[in-house]
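The residues making up each chain are set out below.
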Amino acid sequence: MSTQTMTETGSTDRFRAKLQSMSGVLLMSLGPVVAAFILSGIILLILDVNPFSYYGYVFGRGLLSPTGVQATLTRMGPLLLIAAALIVAFRAGIWNLGGDAQFLIGAVFCAAWTPLMAPHVPVWLGLLAGAAISAVFGGIWALVPAFLRAYQGLNEIITTLMMNFLGISFASVLVKLVFLDPTTTVPQTRTLAVDDRLPTLFGTTISSGLVIGLIAILGVHFMMTRTAFGLRLRVVGGNASAAVHAGLAVPLLTVAVFAISGALAGLSGGVAILGQYGNVRADWNPGYSLAVVPLVFLARFNGFAAIGFVALFSILSIGAESAARRTGIPNYFTLVTIGILLVMLAISEYYGAKRQKAGA
Amino acid sequence: MTLFTDTFLIALIAGIAASGVPLLLAGLGEQLSEKAGVLNVGIEGMMLGGAYLGFYIAWATESTALGFVGGIGGGILVASLMALFCVRMGLNQIVIGIALTLGAEGATALLHHVQFSRLYPRLPDVSTWRIPFLADIPIVGPALFDREPVVYLAIALVPILVYVYRRTHLGLALQAAGDKPAALDSAGQNVLVIRTFAVLSCGALVGLGGAFMSIVGAGVFVPFMTHGNGFIGIVLAMLARGRPLWVLLGAALFGACLSAATALQVAGVDIPTDVVQMLPFVAVMIVLLLAGRNAKLPAALGAAYVRGER
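Since the model is a prediction, treat every value here as computed from it, not as a measurement.

Colleague: Would you take a moment to explain the overall build of chain A for this structure?
Modeller: Looking only at helices and strands, chain A features 13 helices and zero strands. Secondary structure elements of chain A, listed N to C terminal, follow the sequence α-α-α-α-α-α-α-α-α-α-α-α-α. Computed over its C-alpha atoms, the radius of gyration of chain A comes to 23 Å, within 12% of the 21 Å expected for a compact globule of 360 residues. The 360 residues of chain A split such that 52% are buried. Excluding contacts between residues fewer than 6 apart, the proportion of contacts in chain A whose partners are at least 24 apart in sequence is 77%. By element, 68% of the accessible surface of chain A is carried by carbon and sulfur atoms, the whole surface being about 15900 Å².

Here it is, written out as structure tokens:
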């Protein structure tokens with residue numbers, strides 16, 4: 001056999017293998033989604049609701065109606081930032097489960113100080129400062145678990161959960177006691193004037209927070225997959241003792257991961273305030289982080305896939321509110337769908353790994 | 001100071017028991033599961049399963065006792081999914097745990113909506129067992145020794161579990177399943193059976209805790225009523241590192257703070273409840289800062305055991 005034919009068959013083989021692995025990845029990602037929708041549909045049938053009309057309402061509102069799709073895209077901004085925060089941490093093997101507190105602390109400080117600044121500075125400077133404030137305070141809130149993990153070896157699942165409960169209460173305390181708007185009786189912070197908020201895109205109501213979110217998640221994806229810094233973080237995540245042997249400064253990298261993750265979660269809070277809400281009311285907690293954790297798992301920590309799942313989640317959550325009014329199925333149903341989706345994902349991964357082993 | 005009246009103190013101490021018992025049961029359950037090497041992030045879902053089924057059965061049969069049995073059943077039901085996916089199939093424990101929590105939140109809220117959305121039925125007060133003599137102690141007596149039987153059961157579980165962990169073959173097997181499952185396997189015991197047992201027992205304890213919240217605590221089922229109690233249970237179990245008595249102390253600490261928040265409001269003191277609710281977490285963070293160095297968890301925690309693999 002000549003060398004030429006060998007390279008030829010080699011390249012077609014490689015092409016076929018690539019095609020096969022791509023279709024495999026597609027099947028592994030979309031299979032669970034389809035299965036979850038079918039199972040959810042069966043539950044709807046049991047509840048005596050036509051699944052086609054239910055999902056018709058969900059996608060009709062969340063994806064196809066002009067106002068609905070604008071709401072969906074606006075909601076995606078903060079969710080994408082949270083997803084970016086979680087991908088950095090999870091890829092580095094750090095289970096940051098305190099994203100909700102980091103989000104709220106960022107949001108509260110941003111909402112407290114940006115409206116005070118806004119009248120005295122140009123709009124862009126006020127927005128930039130507001131975003132910076134939210135990122136810095138979100139990052140600071142993540143530093144306590146960071147140091148405990150880096151220098152005391154303390155499991156970050158405990159500490160981030162503790163800081164999460166602590167931060168949610170602390171944010172409420174700040175709103176009720178410290179950053180209260182003196183001109184209203186409702187416990188809330190001062191409100192950022194609509195003119196001083198993030199601009200909307202192309203004459204729609206879509207907040208430019210969406211763009212910030214997309215930039216963040218793509219930036220994080222490329223940082224983790226294409227840069228030396230990202231490689232170091234993945235080594236730490238893959239095997240911390242191997243990382244030590246390779247001469248990496250593991251404690252320092254751990255602190256860096258927490259800081260980046262916390263800052264992105266805080267920025268998510270800032271974007272929600274600067275783009276959408278304008279103020280923080282007492283006891284406000286949208287719980288975005290806990291909602292995004294499963295999505296990031298579904299995406300297997302891949303930035304592009306995360307964009308898809310965040311979009312799907314936004315459509316479902318916006319659409320379910322409308323479907324709830326028309327079919328009488330409360331929007332808790334989305335939770336059931338996501339739960340089933342996660343289980344399906346884990347099962348598909350199980351069989352994928354089994355098949356891979358059998359092939360090898 | 002007129003704040004510390006007898007009624008206030010009784011309400012405070014009784015409140016510790018009321019809000020501490022679900023935490024205690026959740027913490028003990030999680031501890032049992034973690035001991036055997038299964039990091040159970042789904043206990044919030046098991047708690048809700050117990051709270052819902054417990055309430056439903058207590059309402060349908062008009063029997064509190066059957067309600068508690070139903071609560072245990074509800075917890076085991078959710079836990080059996082955990083056992084199937086994480087122990088038998090060896091899937092990622094954190095993913096499945098979160099999936100079960102979300103799924104149970106949605107499913108119980110949905111069931112509640114379908115069955116009780118207009119009614120909001122309320123259960124009658126649960127009868128208490130009065131312990132002679134002890135119940136006559138002023139303040140502490142009526143608050144702690146004239147309580148629902150489940151409270152005594154939960155506290156009695158602490159010494160029982162200490163005994164099981166320290167002195168029995170089962171305790172040793174549980175510990176081995178979490179620390180070195182391969183060794184347990186070579187000793188001729190089935191790791192998967194031990195872990196399944198641990199997860200299901202965890203579900204039973206946590207489900208009972210959930211049923212306590214709906215049947216005794218609130219008297220109604222409200223969607224999402226467990227309010228992160230399961231997550232606090234995870235924290236308690238991790239802080240206690242395998243010692244049931246520490247779970248009891250932690251549950252009492254958290255219970256005291258939760259109870260103080262309500263008791264102060266009843267007494268008309270104007271502090272945002274959030275400030276009081278922060279206290280236990282601040283306390284634990286300080287403890288961790290000072291003494292967190294020797295945190296030790298079971299070696300095989302979170303790792304699925306597959307026979308013959310490494």
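Colleague: Before we go on, may I ask you to explain the overall build of chain B in this structure?
Modeller: Within chain B, the secondary structure is distributed over twelve helices and two strands. Each helix and strand of chain B, ordered N terminal to C terminal, gives the series α-α-α-α-β-α-β-α-α-α-α-α-α-α. Over its C-alpha trace chain B gives a radius of gyration of 20 Å, about what one expects of a compact globule, namely 19 Å for 310 residues. A principal-axis box enclosing the C-alpha atoms of chain B has dimensions of 65 × 50 × 40 Å. Per-residue burial over chain B gives 55% buried out of 310 residues. Once local pairs closer than 6 in sequence are excluded, the contacts in chain B between residues at least 24 apart make up 77%.

Colleague: Just checking my understanding: could you explain the state of the cysteines for this structure?
Modeller: Each disulfide consists of one covalent bond between the sulfur atoms belonging to two cysteines. The final tally for this structure, using the stated rule, is zero disulfides over all chains. Of all cysteine sulfurs, the one in cysteine 86 of chain B lies closest to cysteine 202 of chain B, which takes part in no disulfide; the gap is 12 Å.

Colleague: Just to check I follow, could you spell out the packing of aromatic side chains for this structure?
Modeller: Aromatic ring pairs are described here by two measures, namely the spacing of the ring centres and the angle between the planes. All chains considered together, the criterion is met by 27 aromatic pairs over all chains. Both rings, one in tyrosine 332 of chain A and one in phenylalanine 224 of chain B, keep their centres 5.3 Å apart while their planes meet at 70°; by these two values the pair is edge-to-face. Of this pair, tyrosine 332 of chain A sits in the loop between helix 12 (303–327) and helix 13 (333–359) while phenylalanine 224 of chain B sits in the loop between helix 9 (191–218) and helix 10 (229–240), which puts the two residues in different chains. Residue phenylalanine 224 of chain B is classed as partly exposed on the basis of its relative accessible area, which comes to 29%. Ring pairing ties together the aromatic residues Phe37, Tyr54, Tyr55, Phe59 and Phe333 of chain A, which thus form one cluster. Over the face of the ring belonging to tyrosine 165 of chain B we find lysine 35 of chain B, whose NZ or CZ atom lies 4.4 Å from the ring centre. Positioned above the aromatic ring of tryptophan 246 of chain B is the side chain of arginine 243 of chain B, whose terminal nitrogen or guanidinium carbon lies 4.2 Å from the ring centre.

Colleague: Honestly, the side chain of threonine 337 of chain A in this entry has me stumped. Any pointers?
Modeller: Residues and elements named next belong to chain A. Residue placement: threonine 337 occurs in helix 13. Relative accessible area serves as the criterion here: at 4%, threonine 337 is assigned to the buried category. With near-sequence residues (within four places) excluded, threonine 337 lies in contact with Ala36, Phe37, Ser40 and Tyr55.

Colleague: Sorry, what's going on with the side chain of lysine 35 of chain B here?
Modeller: Residues and elements named next belong to chain B. By secondary structure assignment, the location of lysine 35 is in helix 1 (residues 6–35). One buried charged side chain, lysine 35, makes no salt bridge at all; its nearest oppositely charged neighbour is aspartate 179, positioned 7.7 Å away. At a separation of 3.4 Å, a polar atom in the side chain of lysine 35 contacts the main-chain carbonyl oxygen of glycine 242. Each residue touching lysine 35, except ones within four places of it in the same chain, is listed here: Tyr165, Leu174, Gln175, Gly178, Gly242 and Pro298.

Colleague: When you look at the interface of chain B and chain A in this model, what are you seeing that I'm missing?
Modeller: How big an interface is tends to be reported as the loss of accessible area on association of its parts. If you look at the interface, chain B gives 44 residues, while chain A gives 42 residues. Buried area between chain B and chain A, both sides added, is near 3800 Å², and the carbon and sulfur share of it is 83%. Run the count over chain B and chain A and you get zero salt bridges. Summed over the shared surface of chain B and chain A, the number is zero residue pairs in polar contact (both at pLDDT 80 or more). At the level of secondary structure, the elements contributing two or more residues to the side of chain B that touches chain A comprise helix 4 (93–116), helix 10 and helix 12 (273–291) of chain B. Looking at the side of chain B that touches chain A, its residues break down into 33 nonpolar, seven polar and four charged.

Colleague: Would you mind showing me how to read the environment of valine 175 of chain A here?
Modeller: Mapped onto the fold, valine 175 of chain A is located in helix 6 (residues 156–178). With residues near it in sequence (within four places) discarded, valine 175 of chain A still touches Val108, Leu180, Pro187, Gln188, Thr189, Val280, Arg281 and Ala282 of chain A.

Colleague: Is there a simple way to explain the nonpolar core in this structure?
Modeller: Across soluble globular proteins, nonpolar side chains have a tendency to be buried as a group. By size, the foremost hydrophobic cluster in this structure holds 201 residues, and its most contacted members are Tyr54 and Leu342 of chain A together with Ile96 of chain B. Of all hydrophobic cores here, the second largest spans seven residues; its members include Phe8, Leu12, Ala260 and Val276 of chain B.

Colleague: Can you help me understand a nonpolar patch on the surface in this one?
Modeller: A grouping of Leu26, Leu30, Val34, Ile38, Leu39, Ile42 and Ile46 of chain A is seen on the molecular surface, where their side chains present a nonpolar patch of about 670 Å² in accessible area. Along the chain, the position of isoleucine 46 of chain A falls in helix 1 (residues 3–46).

Colleague: What am I meant to see in the pattern of salt bridges here?
Modeller: Inspection of every chain in the model, using the stated rule, returns four salt bridges over all chains. Across the salt bridge formed by arginine 149 of chain A and glutamate 156 of chain A, the nearest N and O atoms sit 2.6 Å from each other. Note that glutamate 148 of chain B and arginine 147 of chain B form a salt bridge whose closest N and O atoms lie 3.3 Å from each other. Overall, the relative accessible area of 10% leaves glutamate 148 of chain B in the buried class.

Colleague: Can you walk me through helix 7 (residues 209–226) of chain A in this structure?
Modeller: The α-helix advances 3.6 residues per turn, and as a result positions three or four apart in sequence lie on the same side. Residue and element names in this part refer to chain A. The end-to-end C-alpha separation of helix 7 is 25 Å, in line with the 26 Å expected for 18 residues at 1.5 Å each. Of the residues making up helix 7, those classed as buried are Gly209, Leu210, Gly213, Ala216, Ile217, Val220, His221, Met223 and Met224. Angularly, the buried residues of helix 7 cover 165° about the axis, an arc narrow enough to put them on a single face. Opposite the packed face of helix 7, turned more than 90 degrees from it, sit the exposed residues Ile215 and Arg226.

Colleague: Help me out: how do you make sense of the packing of helix 6 (residues 149–167) of chain B against helix 11 (residues 244–266) of chain B in this one?
Modeller: Residue and element names in this part refer to chain B. In contact at an axis separation of 8 Å, helix 6 and helix 11 are set at 155° when each is read in the N-to-C sense. Between helix 6 and helix 11, the crossing angle belongs to the class labelled roughly antiparallel. Every residue of helix 11 that contacts helix 6 at Val158, Leu161, Val162 and Tyr165 is listed here: Pro244, Leu245 and Leu248. Looking at the contact of helix 6 with helix 11 residue by residue, the classes come out as seven nonpolar, no polar and no charged.

Colleague: Would you take a moment to explain unusual backbone geometry for this structure?
Modeller: For residues besides glycine, phi is generally negative; the peptide bonds are generally trans as well. One non-glycine residue, aspartate 48 of chain A, lies in positive phi territory at about 70°. By relative accessible area, aspartate 48 of chain A is classed as exposed at 72%. Here the phi dihedral of arginine 241 of chain B falls at roughly 45°; this positive angle occurs in a residue that is not glycine. Considering the arrangement of structural elements, one finds arginine 241 of chain B in the loop between helix 10 and helix 11.

Colleague: What exactly am I supposed to notice about the packing of helix 2 (residues 43–61) of chain B against helix 4 of chain B here?
Modeller: When two helices pack together, their arrangement is given by the angle between the helix axes and the distance between those axes. Residue and element names in this part refer to chain B. At a closest axis distance of 7 Å, the pairing of helix 2 and helix 4 adopts a crossing angle of 20°. Our classification of the angle between helix 2 and helix 4 gives roughly parallel. In this structure, the crossing between helix 2 and helix 4 has a hand that is left-handed. Every residue of helix 4 that contacts helix 2 at Glu44, Gly45, Leu48, Gly49, Tyr52, Phe55, Tyr56 and Trp59 is listed here: Leu100, Thr101, Ala104, Glu105, Thr108, Leu111, His112, Gln115 and Phe116. Tallied by class, residues from the contact of helix 2 with helix 4 come to nine nonpolar, six polar and two charged.

The rules we used
Residues numbered from 1 in each chain as written. Chains lettered and ligands numbered in written order. Predicted model: local features only at pLDDT ≥ 70, side-chain atom pairs only at ≥ 80, totals over all residues. Heavy atoms only, no water. Helix = DSSP H or I, 4+ residues; strand = E, 2+ residues; numbered from the N terminus. Rg over C-alpha atoms; globule rule 2.2 N^0.38 Å. Buried < 20%, exposed > 50% of the residue type's maximum accessible area, 1.4 Å probe, protein only. Contact = heavy atoms within 4.5 Å. Areas by Shrake-Rupley, 256 points an atom, 1.4 Å probe, with all protein chains shown as cover. Disulfide = S-S within 2.5 Å. Phe/Tyr/Trp six-rings, centres within 6.5 Å; stacked < 30°, edge-to-face > 60°. Lys NZ or Arg CZ within 6 Å of the ring centre and 35° of its normal. Lys, Arg positive; Asp, Glu negative; His and termini not counted. Salt bridge = Lys/Arg side-chain N within 4 Å of Asp/Glu carboxyl O. Polar contact = N/O pair within 3.5 Å; in protein donor to acceptor, adjacent residues only side chain to side chain. Buried area = accessible area lost by both parts, 1.4 Å probe. Nonpolar A, V, L, I, M, F, W, Y, C, P; charged D, E, K, R; others polar. Core = buried A, V, L, I, M, F, W, Y, C linked by side-chain atoms within 4.5 Å. Patch = residues over 30% accessible without salt bridge, like charges linked within 9 Å, V, L, I, M, F, W, Y side chains within 5 Å. Expected span 1.5 Å × (residues − 1). Arc of directions from axis to C-beta. Axes fitted to C-alpha atoms, helices over the stretch in contact; angles between N-to-C directions. Parallel < 35°, antiparallel > 145°, perpendicular 65-115°, else oblique. Left-handed = near helix turned anticlockwise from the far one by under 90°.

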